[in-house]
Structures are given as structure tokens and as C-alpha cells.
Amino acid sequence: MPSEKILTQKQAYVAELKEKLANSVAGVVVDYKGINVADDTKLRKELREAGVEYFVVKNTMLRLAINGTELDGMTDALEGTTAIAVASEDRIAASRILCKFADESKGKFSVKTGYMDGKVMNKAEIEAIAKLPGLEGMLSMFAGALTSTLSGLAVAMQAFVDKSAEEPAA
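Position labels on residues start from 1 in each chain and follow its written sequence. Local features are withheld for residues below a pLDDT of 70 in this predicted model, meaning they are given only at 70 or higher, and side-chain atom pairs are given and counted only at 80 or more; totals for whole chains, interfaces and linings count all residues. Each side-chain value is derived from all of the structure's non-hydrogen atoms; neither hydrogens nor water enter the calculation.

Student: What exactly am I supposed to notice about helix α5 (residues 123-130) here?
Tutor: Helical periodicity: at 3.6 residues per turn, an α-helix aligns residues three or four positions apart in one direction. Taken together, the buried positions of α5 are occupied by I126, I129 and A130. Around the axis of α5, the buried residues are gathered within 105° of arc, so they sit on the same side. Polar contacts here mean pairs of N or O atoms no more than 3.5 Å apart (in protein, one a potential hydrogen donor and the other a potential acceptor; neighbouring residues in sequence count only if both atoms are side-chain atoms). Under the DSSP-based scheme used, a helix requires at least four consecutive residues in state H or I and a strand at least two consecutive residues in state E, with every element numbered from the N terminus. N-capping of α5 is provided by N122, with a side-chain oxygen placed 3.2 Å from the backbone N of A124. To sort residues, take the accessible area from a 1.4 Å probe on protein chains only and compare it with the maximum for the residue type: under 20% means buried, over 50% means exposed, and anything in between is partly exposed. To be clear, the arc concerns the directions from the helix axis to the C-beta atoms.

Structure below.
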């Protein structure tokens, strides 16, 4: 039986972890087994620059933190080595960075599960989300579509004006 002090520390850690998960918009749980320190440092730096908090967590602690919440469906994936990336703003940054890293690591590092806006997602859903463009990419695609629509409208209007100008002369 753990001492009262250790039990209190663990309860505080679980409460803190539960709060982090509740205040986040998305998260990805990964199996980090087999990566070296240099790769881990590079990954952590990239995640930090994207505004994503990444940390290793014990499966039992994460299981206790998600117990009774909408994220309870992630418990099946909590085996082996576990780390979690939690994003408080950008919903796809963590999945994009971690899926890219998993592809480059060739099996040493893998995505287990994740969540977005309280909905638990499996590995395939996370990989699909990782392929979506970021906010800037989506905005530029929208601007391009809007610009092409407006230029098409302008060409059609000019053709109508030109046709109207030719009819009285004939």
C-alpha cells in the first residue's frame, strides 16, 4: 500500500491530467517505444513550436484521468509505452506532426488512439485528419476558389456587355 504522501501526489497528478485533457481541443496517444533521444528531442521541439504539449504518461494514470469522461473509449489502447500530445488550440497539429513522425520512424513509433472535441478516434481516423491542410492552407484554398468564381463572373459579365454592344450596331 503506498504511503499517504505518494497517494496524495498521484491523486493530484491525475486531477491535473484530467484538467489538461478537459481544457484541450485534441490529443493523440502514441507508443514511443524504440525512438532515440535525438529523434525524441526533435519531435518535442516541433510539437512545442506548434503549441502542443507532449509528455510520457503511465497507462494507469491516464486510465484514471479519463475514467467516467467522454474519452473513456481510449482505455483499450492503453498498453505498452504511452505518451500523449495535447493541443489546446490547433485541432490537427498534433496528429499531423505525430503521423508524419510515425511514417518516418518505420514502425518504431506508432499512433494508438486520440480524440478531437471530446470524440474518441481510432488510428485510421487520426491518420485521415493528419492529411488535412492546416488553417492557412484551407484559407488559401477558399480564397483561390472565391477568386476563380469572381473572375469567372467578371468574364461572363464582360462577354454579356460585349455582346450587348455589338447587337445595336448590327
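Student: Would you mind going over empty space enclosed by the protein with me for this structure?
Tutor: A probe as big as a water molecule, rolled over the atoms, marks out the empty space that is left. A pocket here means an open set of points on a 1 Å grid, computed over the protein atoms alone, that has protein on both sides within 12 Å along at least five of seven lines. A cavity is instead a set of points where a 1.4 Å probe fits but cannot get out; residues with an atom within 4 Å of a point line either one. Grid points are joined across faces, edges and corners, and a volume is the space filled by probe spheres set on the points. By the definition in use, this model includes 1 cavity of 30 Å³ or more. If you add up the space inside the largest cavity, you get close to 40 Å³. What lines the largest cavity is A26, G27, V28, R91, S95, Y115, M116, M121 and I126. Of all the elements in the fold, those that place two or more residues in the lining of the largest cavity are β1 (26-31) and β4 (110-116). The dominant element in the lining of the largest cavity, judged by the number of residues it contributes, is β1, at 3 residues. Charged residues are taken to be Asp, Glu, Lys and Arg, nonpolar residues to be Ala, Val, Leu, Ile, Met, Phe, Trp, Tyr, Cys and Pro, and polar residues to be all remaining types, Gly included. Its residues placed into classes, the lining of the largest cavity shows 6 nonpolar, 2 polar and 1 charged.

Student: What's the story with the packing of aromatic side chains in this structure? I'm lost.
Tutor: Here a ring pair, both rings aromatic, is described through the centre-centre distance and the interplanar angle of the planes. Think of it this way: a Phe, Tyr or Trp ring, Trp meaning its six-membered ring, pairs with another when their centres are within 6.5 Å, and the plane angle makes it stacked under 30 degrees, edge-to-face over 60, tilted otherwise. Evaluation of the coordinates by the stated rule reveals 1 aromatic pair. For the pair F101 and F109, a centre-to-centre distance of 4.8 Å together with 85° between the ring planes defines the contact as edge-to-face. Both residues of the pair, F101 and F109, count as buried. We call a charge positioned above a ring when the Lys NZ or Arg CZ atom is no farther than 6 Å from the ring centre and deviates by at most 35 degrees from the ring normal. The ring of F55 has K20 sitting right over it, with the charged end atom 4.7 Å from the ring centre.

Student: Please clarify how the side chain of D40 should be interpreted in this entry.
Tutor: Considering the arrangement of structural elements, one finds D40 in helix α2 (residues 37-49). With residues up to four places along the chain from it excluded, the contact list for D40 reads I35 and Y54. A contact between two residues is defined here by any heavy atoms of the two lying within 4.5 Å.

Student: Even after reading the chapter, I still don't get the pairing of strand β3 (residues 83-87), so can you show me in this structure?
Tutor: Sheet faces and side chains relate simply in a regular strand, where the side chains alternate between the two faces. Within β3, 5 of the 5 residues are buried, which leaves it mostly tucked inside the rest of the structure. Where burial is concerned, the two faces of β3 agree: the one with A83, A85 and A87 and the one with I84 and V86 are both buried. For β1 and β3, the ladder comprises 5 bridges, and the chain directions are antiparallel. If you follow V29 over to β3, its bridge partner there is I84. Summarising the sheet, strand β2 (residues 52-56) and β3 pair through 5 bridges and their orientation is antiparallel. Of the residues in β3, the one forming a bridge with V56 is A83. Paired strands, in this sense, are two strands between which DSSP finds at least two bridges.

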